Number of protein chains: 2
Amino acid sequence: MEMELNAQVKKAGFLQRLKEFPIKLKDGVTKRIKNVQKFGKDDPRRIIHSLKVGLSLTLVSMLYYVRPLYNSFGVSGMWAILTVVVVSEFTVGGTLSKGLNRGFATLIAGALGVGAVHLARFCGDKGEPIVLGIFVFSLGAAATFSRFFPRIKQRYDYGALIFILTFSMVAVSGYRTDEILVMAYQRLSTILIGGTICILVSIFVFPVWAGEDLHKMIANNIIKLANSLEGFEGEYFPSSEKTSKETNSCVQQYKSILTSKSTEDILANLARWEPGHGRFRLRHPWTKYLKIAGLVRQCAFHLEILNGYVLSDVKIPQDFISKIQEPCSIMSREACEALKAIAKSIKTMKRDSVCVNAYIENSKNAIQNLRIALKTSSPETEKDLLEIIPGVTMASILIEIVNYVEKISEAVEEFTGLAHFKETPDPKVSPELGQHQLLHRGSVKPVLEGDSEEENNSSPHVVINVHDEQPPTTSEKKVSGVQKTRVGVV
Amino acid sequence: MEMELNAQVKKAGFLQRLKEFPIKLKDGVTKRIKNVQKFGKDDPRRIIHSLKVGLSLTLVSMLYYVRPLYNSFGVSGMWAILTVVVVSEFTVGGTLSKGLNRGFATLIAGALGVGAVHLARFCGDKGEPIVLGIFVFSLGAAATFSRFFPRIKQRYDYGALIFILTFSMVAVSGYRTDEILVMAYQRLSTILIGGTICILVSIFVFPVWAGEDLHKMIANNIIKLANSLEGFEGEYFPSSEKTSKETNSCVQQYKSILTSKSTEDILANLARWEPGHGRFRLRHPWTKYLKIAGLVRQCAFHLEILNGYVLSDVKIPQDFISKIQEPCSIMSREACEALKAIAKSIKTMKRDSVCVNAYIENSKNAIQNLRIALKTSSPETEKDLLEIIPGVTMASILIEIVNYVEKISEAVEEFTGLAHFKETPDPKVSPELGQHQLLHRGSVKPVLEGDSEEENNSSPHVVINVHDEQPPTTSEKKVSGVQKTRVGVV
C-alpha cells in the first residue's frame, strides 16, 4: 500500500517536472542570452573585435576563393589563415607585437633553416638526418632556454616560439623536398599577407589602443581611490545624506587596484609597439604610467588597512571621535578632491597643478589642525590610551594617505611635462578655477610649536603674512604655481 | 694649430679605443656567458625543460626521417612539429591543458568544418564560396567573442583559438580539395601524435608539476612573511647580533608577495589539469591555496605599511619605545615562529596545529601585555600624544598582523584536513615538540580589567587556574589542541 502510494507520488513528481521542463529550459536560455547581451554591452569593443576577426578571416580566405591568387600560393594559403587567427589580438599593440615578431622570426629562422638543409646535404644520405636532427635539437633547446630570460620573455617571447617552429619545419621538411626555397618563399609571403591584413584591420577598423587603455586605466584607478576616500569619509564621519550601503560600495572601489599590476605591465609593454595615435606621440613616456600606478597602489594598500578598521566593530570613544572628526574629514575630502583633479588632468591631458596643489595644501593644513587637536587634548579628559588606539591609527594612516596623494601629484606633474600636456588657460579667464580659489580663500596654515623647519620647506604651501605692510586683503596672487594667500586674521 | 692638436688627440683616442676593443669584447662576452650560466644554475629546471623540447622535436622529426611514417602522413607531419612546438609548456599542467584543448578543439572544429563544406556544396559553384564565407565569418566571430568570457578565457582560451583555426582551415581549403576527409584525418592524427609525444615527455622526463610549484610557493611566501617580521624586529628592537643591513634585506622579503596574485592564479588553474602525483591526489584542494595566499597577501599589505614607519625618520620617544619594546618584540617573534611552523607543516605535509597554536597563544598573550603596558602608562610621564602616534600606529598594525597570522593558521588547519595531511606523531615521543612545550612553560595570559568577555572567547587560549585544588606544578596537559597551563604565580 505504502509502496504504491510512493510510486504514485514519484510518478506525479516526474510528470510535474516534465511539464516544467520547457519553461525551465526557456528561462535558462533567456537568462544566458541576457547575460551574453549584458557582457557585450559592458564593453562593446568586444563585439567589434569579434567582427574584426571575422572580417580578417573572410578577407584572407580570398587566397583560396580567387583563382589567380590560389594559382600563385596554392595550399600555402593556409599559413595566411593561421597567421590571421593567431595574430589577431584585441589591441593594436598586441597585433603589431605578434605580427612583427612572427614576420621577423619567420624570416630569420627560414634563412637559417635553408642554410642548415644545404649544409646537411654535404654529409651524404645517411649523415643528413643526423646532422639535421642535431641542428633542430640544439637550436630548439637554445631558443626555448632564451624564452626564460625576462627581457626576451617580455617582448620577444612569441618571436622565439615562431623561430623554433619555422626552423624545425624548414629543416625537417627540407629533407623530403627539393623545392625548399619555393616552400620558404611561399610560407614567408603568405605570412606577410596574413600579418598585413591583421595589422591593417586592427589599426583602421575601430582600433583599440593599448596605450589609450593604460592611460584611461591609470586615471580611473585614481578616481577609484578618490571614491574610496569619499566613501570612507561618509562611512566614518556620516554627515551627508548618503546611506551607509551606498558609501560602503564606494569604499570597496580601491580593491581592484591592489592586484592590477600585471594588467598595467602588459598594457605598458604593448603600448610601446604602437605608433603615435590621437594625442599620444610615438615616444610617449609609457613607463612613467607604471611609476604613477605604483604610487596609486601604495595608496590603495593604505586604504586596505584603513578599511579593516572601518569594518571592525572596535568602538572609539565619542569625545575622541568628535575631536579628530573635523580635521580627518577635511583631510580625506580635500585629498579626494585633489585625486579627482589629478584624474581629470590626466583624462583631459591638461595641466592643472595650481588647483591640485591648492587641495593638497588644504589637506596638509588639516593635518596640522589634527596635530593641534591631538596636542591640546588634556590628559585628564583623555579616557585612556588603550581606547583611542584605533582612532589614532586611523588618523595616522590617513596622514600617510595624504602624503601619498602628494607624491602621486608630484609624479603626475613630472609626467605631464614629459607627455607635453597642454597648460590650462589663464586662471583669470577660467571661471572654474576662479571658483576653486574662492573656495580656498580661507585656507590657513596653522603654526604649531615644535614644528620642524624642514617640514615647512618640504613643499609649496600657503604663506601667511601677518605683518604685511599692505592693509590686510583677501585678494590672491599666484607666484609660480605656489598659492600665496594673505589673510588678516590668524 | 689648435685644430691640429685636436686632430692628434682624436687620433690617439681612436687608436686607444681600437686597442681596447678586443679586451672589452672579451670581457663583455665572458660577462654574458657568466650571466647565462648563473641564470641556468638559479633554476636548473629551465635547462632541463629546454632539452626536453629539443628531445620532443627530434622525436617528432622521425615522421619525416623514417620512410614508412612519411609514406602514411606525408607533409601533414608538419602539423605534428607545430603541435610539439606550441604545446610544450614548462609545467605538466600547462602541457596537458594545451594538448587536450588542442586535441578536442581540432576534433570538434574538424567535424563542423567537414559538415560546412558538404552543406556549401549544395549551393552550387557560385554559392559555395559565399556560404563558406558566411560560415567562417560567423563562427570565427562567435568563437572570438566567447574568448572574452572569464570562465572560457581561464580554461579553454587556447581551445577556442584552435577551434577558429581548424574550422577556418578545413572549411576554406575544402573549397579547393575533394580529399577533405583524408586531410582532416591526417591533421587530427598528426596533432594527436605531436600532443602525445609532448605529454609523455612532459610527464615522464623530469616532470615540473604546477601543483607542486604552487604548494612550494605558498609555503615560501609564508616563510618570507616570517623573515620580514624577524627582520622588522631586528630593525626596530635591535638586540641580536645581526647588522642593520642584514635585517633590512630580510624586511624587504615580503615585497614579492604584494603582486604574486597573478602567478598563483595561473598555477592553481594549471594544477587542476594535472593527474595525481607524489603526495597530491587527483582532487587536491587547489583552490584552498588561493584562500591561504589571499590571507598571506593581506598580512604582506600590513607589513608594507609597517615598513613605511621603519624607513621613515620619525623619532619615537625612547621611554615609550622601552615601554612597548618587550611585548612588541615577543609579538613579532612568536608570530614569526608560528609562521615558520605553518610553513614547515605545509612543506612536510604534516599537521602540527599544537605547536602553531602555542606560538599564536604566546603572541596573543604579548598583545595583552602590550595593552597593560599602554593602560598603565600614567599620563604625567607620557610626553604627549602627538609624539607617540607613530609608535602607537606601529603597535596597532603589529596587532593586526598577529590577528592575520591566526587567520592564516586557521585556513591552513582547514586545508590540512581537506588535503589529508598526516598527523604528527604523539608529542610525548617527538623530542622537537617537547622542546617547544619547554619553551612555552612560562607563557601566562594576563588578565586585564575591562577586557570584554567576547574577546576572551574568540579563540583557544591559555587558562590560568590560580585557585587550583592541586598544588601548583609546572606540568602541562593538552586538551584537544588547547594548551592548558597551570602556573602558580600570576
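In this text, all values refer to a predicted model and were calculated from it rather than measured experimentally.

Right, let's talk about the overall build of chain A for a bit. Helix and strand counts for chain A stand at 18 helices and 2 strands. Taking all 490 residues of chain A together, the buried fraction comes to 50%. Put simply, 78% of the contacts in chain A that link residues at least 6 apart link residues at least 24 apart. Summed over its atoms, the accessible surface of chain A is roughly 24,900 Å², and 60% of this surface lies on carbon and sulfur atoms.

In this section: the interface of chain A and chain B. The interface is formed by 74 residues belonging to chain A together with 74 residues belonging to chain B. Both sides of the chain A and chain B interface together cover about 6,800 Å² of buried area, and 78% of this is carbon and sulfur. Of all residues in chain A, Tyr65, Phe148 and Arg176 of chain A bury the most surface against chain B, accounting for 11% of the area lost on that side. On inspection of chain A and its partner chain B, the count reaches 0 salt bridges. The interface formed by chain A and chain B includes 10 residue pairs in polar contact (both at pLDDT 80 or more).

Time to look at the UniProt feature "transmembrane region" (unreviewed entry) in chain A. Residue and element names in this part refer to chain A. The positions that UniProt labels "transmembrane region" (unreviewed entry) are, in the present scheme, residues 72-92, 104-124, 130-149, 156-176 and 188-210. Helix and strand shares over residues 72-92 are 67% and 0% respectively, and the end C-alpha atoms of the span are 30 Å apart. The annotated region residues 104-124 carries 90% helix and 0% strand content, and the separation between its end C-alpha atoms amounts to 32 Å.

Taken as a whole and assessed by the stated rule, the structure comprises 31 salt bridges over all chains. Two residues, Asp42 of chain B and Lys38 of chain B, come together in a salt bridge whose shortest N-O distance is 3.2 Å. Here Asp42 of chain B pairs with Lys38 of chain B, and both are found in helix 1 (residues 2-42), just 4 residues apart, close to one helical turn. Note on accessibility: Asp42 of chain B and Lys38 of chain B belong to one class, exposed. Three or more residues joined by partner-sharing salt bridges are found here, namely Asp43, Arg45 and Asp213 of chain A.

The two copies are related by a screw operation: chain A maps onto chain B through 180 degrees of rotation and 0.0 Å of translation along the axis, at an RMSD of 0.2 Å. The operation mapping one copy onto its partner corresponds to a two-fold rotation axis. Among all residues of chain A, the one whose C-alpha sits closest to the rotation axis is Thr393 of chain A, at a distance of 2.3 Å. Interface overlap between copies is the fraction of interface residues in one copy that are interface residues in the other; for chain A against chain B it reaches 100%, indicating a shared surface.

This next bit is on the environment of His284 of chain B. Residue and element names in this part refer to chain B. Inspection of the secondary structure puts His284 in the loop between helix 12 (261-271) and helix 13 (286-311). Residue classification places His284 among the buried residues on the basis of a relative accessible area of 6%. The spacing of His284 and Phe122 is 162 residues in sequence and 52 Å in space, taken between C-alpha atoms. Excluding its chain neighbours within four sequence positions, the residues that come into contact with His284 are Tyr289, Met349, Phe415 and Ala419.

Residues and elements named next belong to chain A. Mean pLDDT over chain A works out to 80, with 81% of the residues at or above the 70 mark. Scored below 50 in pLDDT, residues 428-490 makes 82 contacts in the model with residues more than four places away or belonging to other chains. Predicted complex metrics record ipTM = 0.79 and pTM = 0.80.

As enumerated under the stated definition, the model contains 28 aromatic pairs over all chains in all. Both rings, one in Phe163 of chain A and one in Phe167 of chain A, keep their centres 6.3 Å apart while their planes meet at 5 degrees; by these two values the pair is stacked. Placement of both Phe163 of chain A and Phe167 of chain A in helix 7 (residues 150-173) is noted, with a separation of 4 residues, approximately one turn of the helix. Each member of the pair, Phe163 of chain A as well as Phe167 of chain A, is classed as buried. Following the ring pairs from residue to residue traces out a cluster consisting of Phe39 and Phe90 of chain A together with Phe145, Phe148 and Phe149 of chain B. The positively charged end of Arg187 of chain A is found above the aromatic ring belonging to Trp79 of chain A, 4.4 Å away from the centroid. Between Arg46 of chain B and the ring centre of Phe39 of chain B, over which it is positioned, the NZ or CZ distance is 4.1 Å.

In this model helix 13 (residues 286-311) of chain A runs 37 Å from its N-terminal to its C-terminal C-alpha over 26 residues, within 8% of the 38 Å that 1.5 Å per residue would give. Within helix 13 of chain A, 19 of the 26 residues are buried, leaving the element largely enclosed by the surrounding structure.

To continue, consider the side chain of Thr190 of chain A. Residue and element names in this part refer to chain A. Topologically, Thr190 is positioned in helix 8 (residues 180-204). We classify Thr190 as buried; its relative accessible area is 0%. Discounting residues that sit within four places of it in the chain, Thr190 has contacts with Phe73, Ser76, Gly77, Trp79 and Ala80.

This brings us to a nonpolar patch on the surface. Residues and elements named next belong to chain A. Together, Leu100, Phe104, Leu107, Ile108 and Leu112 give the surface a local cluster of nonpolar side chains, amounting to about 450 Å² of exposed area. You can see Leu112 is positioned in helix 5 (residues 92-121). According to the relative accessible area criterion, Leu112 is partly exposed, its value standing at 40%.

Calculation notes
Residues numbered from 1 in each chain as written. Chains lettered and ligands numbered in written order. Predicted model: local features only at pLDDT ≥ 70, side-chain atom pairs only at ≥ 80, totals over all residues. Heavy atoms only, no water. Helix = DSSP H or I, 4+ residues; strand = E, 2+ residues; numbered from the N terminus. Buried < 20%, exposed > 50% of the residue type's maximum accessible area, 1.4 Å probe, protein only. Contact = heavy atoms within 4.5 Å. Areas by Shrake-Rupley, 256 points an atom, 1.4 Å probe, with all protein chains shown as cover. Buried area = accessible area lost by both parts, 1.4 Å probe. Salt bridge = Lys/Arg side-chain N within 4 Å of Asp/Glu carboxyl O. Polar contact = N/O pair within 3.5 Å; in protein donor to acceptor, adjacent residues only side chain to side chain. UniProt positions renumbered as here; feature names shortened; annotations may be inferred. Least-squares fit on C-alpha atoms with pLDDT ≥ 70 in both. pLDDT = per-residue confidence, 0-100. Phe/Tyr/Trp six-rings, centres within 6.5 Å; stacked < 30°, edge-to-face > 60°. Lys NZ or Arg CZ within 6 Å of the ring centre and 35° of its normal. Expected span 1.5 Å × (residues − 1). Patch = residues over 30% accessible without salt bridge, like charges linked within 9 Å, V, L, I, M, F, W, Y side chains within 5 Å.

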